[in-house]
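Descriptive structure summary
Chain residues, written in single-letter form:
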Amino acid sequence: MTFNPLKEKGMPLKKQLRNWHQIVAKPYKKQEVDCYTRTRQILMNGIEVEGWGFKHQFNRFMHNLDKDDRILISQLGRIENQQQMTCNWLCPADQSVLETTLGYEQVAVDLTAWLAQNEPDKYVKETFDFGLLEDFDHLYRYAQFAYMTEGVEPNDIVQGQTDVIVGRPTQHHHNCNGLRLRKHYDKTTASPQTKVNILTVLSGEQQTHNFYAEHGFMYGDHVLRETYAEIKDVEEEHVTMYESLIDPSETMLEKALLHEFTEVCNYYTCLEDETNEEIRKYWEIFLDIELEHLKIVAEMFKKYEKRDPEEVIGSEIIIPCRFKSQKEYVQKVLEKEVDKRLAPNGEYYNKMEEIPEDWASYRIQERAAEISAPSENCIQLIEIYKDRDIVEASNSLKGKEVALLEQGLQTIAVAENTILPEELQVMIDNHEERKEEKEELI
Ligand SMILES: [Fe+2]
Ligand SMILES: [Fe+2]
Ligand SMILES: [Fe+2]
Ligand SMILES: [Fe+2]
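Scope of this entry: the structure provided in the associated data block. All values derive from a computational prediction rather than experimental measurement.

**Here's the deal with the overall build of the protein chain**
Each helix and strand in the protein chain was counted, giving 18 helices and two strands. Since a compact globule built from 442 residues should have a radius of gyration of about 22 Å, the 22 Å found for the protein chain is in line with a globular shape. Each of the three principal axes of the protein chain carries a C-alpha extent, and together these read 70 × 50 × 40 Å. Put simply, the protein chain has 442 residues, and 46% of those count as buried. Counting contacts in the protein chain only where the partners sit at least 6 residues apart, residues at least 24 apart contribute 84% of the total.

**As for helix H9 (residues 222-243)**
Look at H9: 32 Å from first C-alpha to last across 22 residues, which is about the 32 Å you get at 1.5 Å a residue. Looking only at H9, the buried set comprises Leu224, Thr227, Tyr228, Glu230, Ile231, Val234, Glu235, Glu237, His238, Met241 and Tyr242.

**Considering the packing of helix H4 (residues 97-117) against helix H5 (residues 122-150)**
Running from N to C, H4 and H5 cross one another at 160°; their axes reach a closest spacing of 8 Å. Considering their axes alone, H4 and H5 lie roughly antiparallel with respect to each other. Crossing of H4 over H5 shows left-handed handedness. Class assignment for the residues of the contact of H4 with H5 results in 15 nonpolar, six polar and six charged.

**Description of the environment of Asn155**
The topology assignment puts Asn155 in helix H6 (residues 154-158). Sequence separation of Asn155 and Leu102 is 53 residues, and the distance between their C-alpha atoms is 9.8 Å. Setting aside its immediate chain neighbours within four residues, Asn155 contacts Gly160 and Glu392.

**A look at the nonpolar core**
With 98 residues, the main nonpolar core has Leu132 and Leu257 as its most contacted residues. Per-element tally for this core: the top contributor is H5, with 13 residues. Leu257 has contacts with Val297, Ala298, Phe301, Pro309, Val312 and Ile313, leaving out every residue within four places of it along the chain.

**Describing the packing of H4 against helix H8 (residues 192-215)**
In contact at an axis separation of 11 Å, H4 and H8 are set at 165° when each is read in the N-to-C sense. Relative to H8, the element H4 lies roughly antiparallel. When you trace H4 past H8, the crossing you get is left-handed. The residues of H8 that touch H4, namely those facing Val97, Tyr104, Val107, Ala108, Leu111, Thr112 and Leu115, are Asn197, Val201, Gly204, Thr208, Phe211 and His215. Residue composition of the contact of H4 with H8, grouped by class: eight nonpolar, five polar and no charged.

**Observations regarding unusual backbone geometry**
Its identity as a non-glycine residue notwithstanding, Gln159 has a phi of 50°, on the positive side. Residue position: Gln159 is located in the loop between H6 and helix H7 (177-180). Positive phi, normally seen in glycine, also occurs at Asp387, with a value near 70°.

**Things to note about helix H11 (residues 277-305)**
Between its first and last C-alpha atoms H11 spans 41 Å; for 29 residues at 1.5 Å apiece the expected length is 42 Å, and the two agree. Just past H11, the residue Lys306 takes up positive phi, approximately 50°.

**Comments concerning the environment of Glu153**
Counting through the fold element by element, Glu153 comes out in the loop between H5 and H6. Judged by the 13 C-beta atoms lying within 10 Å of it, Glu153 falls in the partly exposed class. For the pair Glu153 and Glu99, spaced 54 residues apart in sequence, the C-alpha to C-alpha distance is 9.5 Å.

**With respect to the environment of Tyr268**
Note that Tyr268 resides in helix H10 (residues 252-273). Judged by the 21 C-beta atoms lying within 10 Å of it, Tyr268 is buried. Expressed as a C-alpha distance, the spacing of Tyr268 and Lys122, which sit 146 residues apart in the sequence, is 26 Å. In contact with Tyr268, not counting residues within four places along its chain, are Leu287 and Ile317.

Cut-off values and rules
Residues numbered from 1 in each chain as written. Chains lettered and ligands numbered in written order. Predicted model: local features only at pLDDT ≥ 70, side-chain atom pairs only at ≥ 80, totals over all residues. Helix = DSSP H or I, 4+ residues; strand = E, 2+ residues; numbered from the N terminus. Rg over C-alpha atoms; globule rule 2.2 N^0.38 Å. Buried ≥ 20, exposed ≤ 12 C-beta atoms within 10 Å, placed from the backbone. Contact = placed C-beta atoms within 7 Å. Expected span 1.5 Å × (residues − 1). Axes fitted to C-alpha atoms, helices over the stretch in contact; angles between N-to-C directions. Parallel < 35°, antiparallel > 145°, perpendicular 65-115°, else oblique. Left-handed = near helix turned anticlockwise from the far one by under 90°. Nonpolar A, V, L, I, M, F, W, Y, C, P; charged D, E, K, R; others polar. Core = buried A, V, L, I, M, F, W, Y, C linked by C-beta atoms within 7 Å.

Structure, rendered in structure tokens:
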């Protein structure tokens, strides 16, 4: 049976206002929560932040709205704001910033991998694969600090569902803005799946950026603060990259429709997949709320644009993301594309060896890493703590770290403090030797 959100009955708007006890939910227990309940919670917070922020932009830019409709949009914005609080504050107070950070990067890896495999547009899929390998490397860099700062093992958070190993090195993620901009889809021919996929990942990346911006300074360790700054800047590039895939000629009402539809689709999926009974209740209520939002915005769309909403969002629900382990797919992309870069013409992708010496991104990378790259310093530091870097990877990937680094590392614009493949190999060998020594002493 197909589910057409435009034909479903939602929760009436006057019932959507909740009291503080309902808004501030009981947080999950970090020791017990399933990692994919946490990723849903993180993603839905990002979706709500985008839904809330968009309403404000909408009311600032829409000059031809009737007063009643303007009031209606601001009421919807208030509800988004309340939903955002519920979603974000499901996160418990004793989950550290670094633990939450590992959760954010797990969202990015497993969400983008799912989207890439369910994306009908080949070019958009390639962009998802490209972004995926960058967040994959962020997870590895942050995992070093989680261990050094708090003794947290990666699997305390990712629970063995996501591999943690070097990807495309973070120091190479900094690009000329002109190159990060992608080709946008055509709003008249792109499928609703493509539109929802992009808005979903964009919301996640934007919130990741905001989280690092608001929390990276909360640690005293200077290298960690710099690493947050470095990766936050990459998330800014990811926001730029994903938003540039959207057809800029979409009207504000068309965008409003897509925002509500994206919320509906994501809550629908959360409701289907959630294993935590307490949290599942929120997904159920929020799906009802969003169905009504969609209906309200669809009516405005008909009124002002005299068009059928189905032209934009179709007549069926879309599944933007089922959170599940994507190790096999990610490994495939990693081994094939770790040496991919943004092409100099700014639209496609090239292998590293095809990139000319005057590639604009080299200048950005050289400037950023003039003294050192923080994301490399963290590997220098972990050697002091543990002889070698922290890696949690499937057997099929474990022995390939040095080769992956070799394949992903550039020869131009490489920071002076970079751990080179041969140095990584020495670290790994030393670790093996010292492991035996340590065992003797215990
Ligand atoms: Fe919402
Ligand atoms: Fe990231
Ligand atoms: Fe990202
Ligand atoms: Fe909404």
